[in-house]
Amino acid sequence: MTTVDLPTPACGHDTSGQGPSSASAAAEELDRVLAGLQWRFVARSRHALAAGGWAEHTSGDAALLLVTDGLVRVRGVGDVADLAPGDFLFLPHGPRFEVHALSDAAVQCVRVAPVGADDGAGVLPAVVLLTELPQTEPTAATMLRSLVEDYRAPRSVLGDRVVTLVASMAISAWYARGCAPARWLMQREDPGLASAVAAIHADPGREWTVDDLARVALASRSGFAARFRSATGLTPGRYLAQVRVAHARCLLTAGDLPVATIARRLGYGSDTAFGRAFRRHTGATPSEYRRDSVLRTRTPPATAATAATR
């Protein structure tokens, strides 16, 4: 293993279903999160690892890592897939971790620290993982590489601003790609509303009323309904219907439960009511959807060449 410490001289939740109003509100809340996050440059390093080699990070600082060559495995940060060239990892909470080379590999690393006592980093996940950073976020990748390889004085105001910008761009891209946990921003902005939405997802078959959900959210009925629509773009009833249909799709494709059983499990009083709701959202009856799903999974590729590209 060769680790080159660079001294400081004297880089498939899906948000597509949101309505325009909820998408705009989410964008504004994301901006508020990013505005409250600032980072200070601590140190930089390059790891040139032979296959089987490893590098240990024990400082407890937050870290930005970019794989530039080879295949590596990061241990100590939960279940993270092996990283290939162009993959980027942001570890905001400063865990101790190890980078293990599965082949000859090169990794760039910048250690950072949050600025201020009330830094807001607690809202961030343990791991922000982005694949193909140079292709999807070329500015962030270029800035990170330049900070590691070219900056003469990264421990400066400019260095701090660069790492803050790279971290912010990574979080923004992570959220835009739908990698954020469901209701991540809602949990920060309105914990009561997030609890109500979580309750719907946990038990979609329950006969939820606005009053029931308002009690979960510890809110008044009228105030809850307005907040719910502002956050999701839907009324509670329409949101519940969408969640039920999403569960129905999974049940129809994952097994052979009778349609009547699925209807009852999801809170519908009859097969007819379930069928109407399902067709309104998908354009197909439950039986048609199941049949088409089976055909899609069983139809073989037309040629060997086609199979090779799937």
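Right, let's walk through the structure included here. Just so we're clear, the structure is a prediction, and the values are computed from it rather than from any experiment.

## A word on the overall build of the protein
Of regular secondary structure, the protein possesses 13 helices and nine strands. The 310 residues of the protein split such that 41% are buried. As presented, the protein carries roughly 16,200 Å² of accessible surface, and 52% of it is formed by carbon and sulfur atoms.

## Comments concerning unusual backbone geometry
In this structure, Glu-132 is a non-glycine residue whose phi angle is positive, near 50°. Relative to the helices and strands, Glu-132 is located in the loop between β9 (128–130) and α2 (133–136). Judged by its relative accessible area of 46%, Glu-132 falls in the partly exposed class. The backbone phi angle of Leu-218 is positive, close to 55°, even though this residue is not glycine. Here Leu-218 shows up in the loop between α7 (210–216) and α8 (221–232). Since its relative accessible area comes to 78%, Leu-218 is described here as exposed.

## Remarks on the packing of aromatic side chains
A complete count under the given rule lists six aromatic pairs for this structure. Considering the side-chain rings of Trp-39 and Phe-90, the 5.4 Å spacing of their centres and the 80° angle between planes classify their relative orientation as edge-to-face. With Trp-39 in strand β2 (residues 39–49) and Phe-90 in strand β6 (residues 88–91), this residue pair connects regions lying 51 residues apart in the sequence. Across this residue pair, the class does not change: Trp-39 and Phe-90 are buried. With a centroid separation of 5.6 Å and 55° between ring planes, the pair formed by Phe-224 and Phe-228 is classed as tilted. Here Phe-224 and its partner Phe-228 are both found in helix α8, four residues apart, which amounts to about one turn of the helix. Counting every residue linked through ring pairs, the aromatic cluster contains Tyr-268, Phe-274, Phe-278 and Tyr-289. The ring of Trp-208 has Arg-206 lying over it, and the distance from NZ or CZ to the ring centre is 4.1 Å. The lysine or arginine in question, Arg-244, covers the ring of Tyr-268, its NZ or CZ lying 5.2 Å from the ring centre.

## Observations regarding the packing of helix α6 (residues 191–202) against α8
At a minimum axis distance of 11 Å, the contact between α6 and α8 shows a crossing angle of 75°. Of the possible angle classes, the one that applies to α6 and α8 is roughly perpendicular. Note on element contacts: α8 touches α6 through Phe-224, Arg-227, Phe-228 and Ala-231, opposite Leu-193, Ala-196, Val-197 and Ile-200. Its residues assigned to classes, the contact of α6 with α8 shows seven nonpolar, no polar and one charged.

## A few points about the sheet that holds strand β5 (residues 72–75)
The strand order across the open sheet formed by three strands is β3-β7-β5, and the pairing between neighbours is antiparallel. The sheet is open, and its two borders are formed by β3 (54–57) and β5, each paired with just one other strand. Neighbour-to-neighbour, the strand axes of the sheet open up by a mean angle of 15°, direction not taken into account. Sheet topology note: the β3/strand β7 (residues 97–101) ladder contains four bridges and is antiparallel. Paired with Glu-56 across the bridge in β7 is Glu-98.

Cut-offs applied
- Residues numbered from 1 in each chain as written.
- Predicted model: local features only at pLDDT ≥ 70, side-chain atom pairs only at ≥ 80, totals over all residues.
- Heavy atoms only, no water.
- Helix = DSSP H or I, 4+ residues; strand = E, 2+ residues; numbered from the N terminus.
- Buried < 20%, exposed > 50% of the residue type's maximum accessible area, 1.4 Å probe, protein only.
- Areas by Shrake-Rupley, 256 points an atom, 1.4 Å probe, with all protein chains shown as cover.
- Phe/Tyr/Trp six-rings, centres within 6.5 Å; stacked < 30°, edge-to-face > 60°.
- Lys NZ or Arg CZ within 6 Å of the ring centre and 35° of its normal.
- Axes fitted to C-alpha atoms, helices over the stretch in contact; angles between N-to-C directions.
- Parallel < 35°, antiparallel > 145°, perpendicular 65-115°, else oblique.
- Contact = heavy atoms within 4.5 Å.
- Nonpolar A, V, L, I, M, F, W, Y, C, P; charged D, E, K, R; others polar.
- Pairing = 2+ DSSP bridges.

All quantities given are derived from atomic positions and should not be read as evidence of function.
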